[in-house]
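Structural overview
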Amino acid sequence: MSPSALLLEQFPWQETLRWQPTPQQQEQFQRFYGAILAANQGINLTRITAVTDFWEKHLWDSLRGILPWLQLTGGTPWGTKIQQVIDIGSGGGFPGVPVAIARPDWSVTLLEATQKKVRFLHSLRSTVGLANIHPEWGRAEAHHRRYDLALIRAVGDVARCCAYGLPLLRPGGILVLYRGQWRDEDTQKLEALLPQYRSQRLEIQAFTTPLSHAQRHCIYLQCQA
């Protein structure tokens, strides 16, 4: 077993997420990390490649957004049963691939506008062993399917995130915005936007990352109609 694999096992999953990956999931995380390192030589997937940074800023951060659903026996928060998920602007597979590893019972569409990255995401089905990911090339504005859960991370300002994500939800579906800093002005802007999408704000969760202690936020929005 490689040193990075050992490090991935030693990180405080249970203490920070109240969840522990199985040995199979640990192996999938390791294969994903290896695939990122290999593909990063020719495609600009991420500048975050050190194993500690990768765990915290990619794996942990991705899973923190689905904390309400991380446990397979965790019920249906906010009354929404999750089966169909979309990661909008997936890039190198964040947050969608870690989410698909953690929740193999979910079907996760990875929507990405760059064809090279889509080809990389397709390769993960075999290299990581992920039958539940479905990479697609395209843009959110042209996508018309309805999902139970939409995830959007590092894709523009709040208005753009709402415009991309909320129209893709079925009634009762939830959009998770992954954000760094979040101010009162951001909440005011968000509240002004939501009526046009017939949506409501469920919760704003503030937290710090476990290693670098950076401030992060996850904003949960629900489509009402």
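In short, a report on the structure. None of the values given here were measured: they were computed from a predicted structure. (Residues numbered from 1 in each chain as written. Predicted model: local features only at pLDDT ≥ 70, side-chain atom pairs only at ≥ 80, totals over all residues. Heavy atoms only, no water.)

Some words on unusual backbone geometry
What you tend to see is this: most non-glycine residues have negative phi, and most peptide bonds are trans. In this chain, F94 is followed by P95 through a cis amide linkage whose omega measures 5°. Counting through the fold element by element, P95 comes out in the loop between strand 1 (84-88) and helix 5 (96-102). At R18, a residue that is not glycine, the phi angle is positive and equals roughly 55°. With respect to the helices and strands, R18 occurs in the loop between helix 2 (13-17) and helix 3 (23-39). (Helix = DSSP H or I, 4+ residues; strand = E, 2+ residues; numbered from the N terminus.)

Digging into the pairing of strand 4 (residues 147-153)
Burial analysis of strand 4 places seven of its seven residues in the buried class, the great majority of the element. As paired strands, strand 4 and strand 5 (residues 169-179) are joined by six bridges and run parallel to one another. Its bridge partner being in strand 5, R153 is matched across the sheet by Y178. Crossover strand 4 to strand 5 through helix 7 (residues 158-165) is right-handed. (Buried < 20%, exposed > 50% of the residue type's maximum accessible area, 1.4 Å probe, protein only. Pairing = 2+ DSSP bridges. Right-handed = clockwise from strand over helix to strand, strands pointing away.)

Section: the environment of L111
For L111, the position within the fold is in strand 2 (residues 107-112). Taking C-alpha positions, L111 is 14 Å from L124, a pair spaced 13 residues apart along the chain. Every residue in contact with L111, bar those within four places of it in the chain, is listed here: I86, D87, I88, G89, S90, E136, G138, R139, A140 and H143. (Contact = heavy atoms within 4.5 Å.)

Honestly, it's all geometry; don't read function into it.
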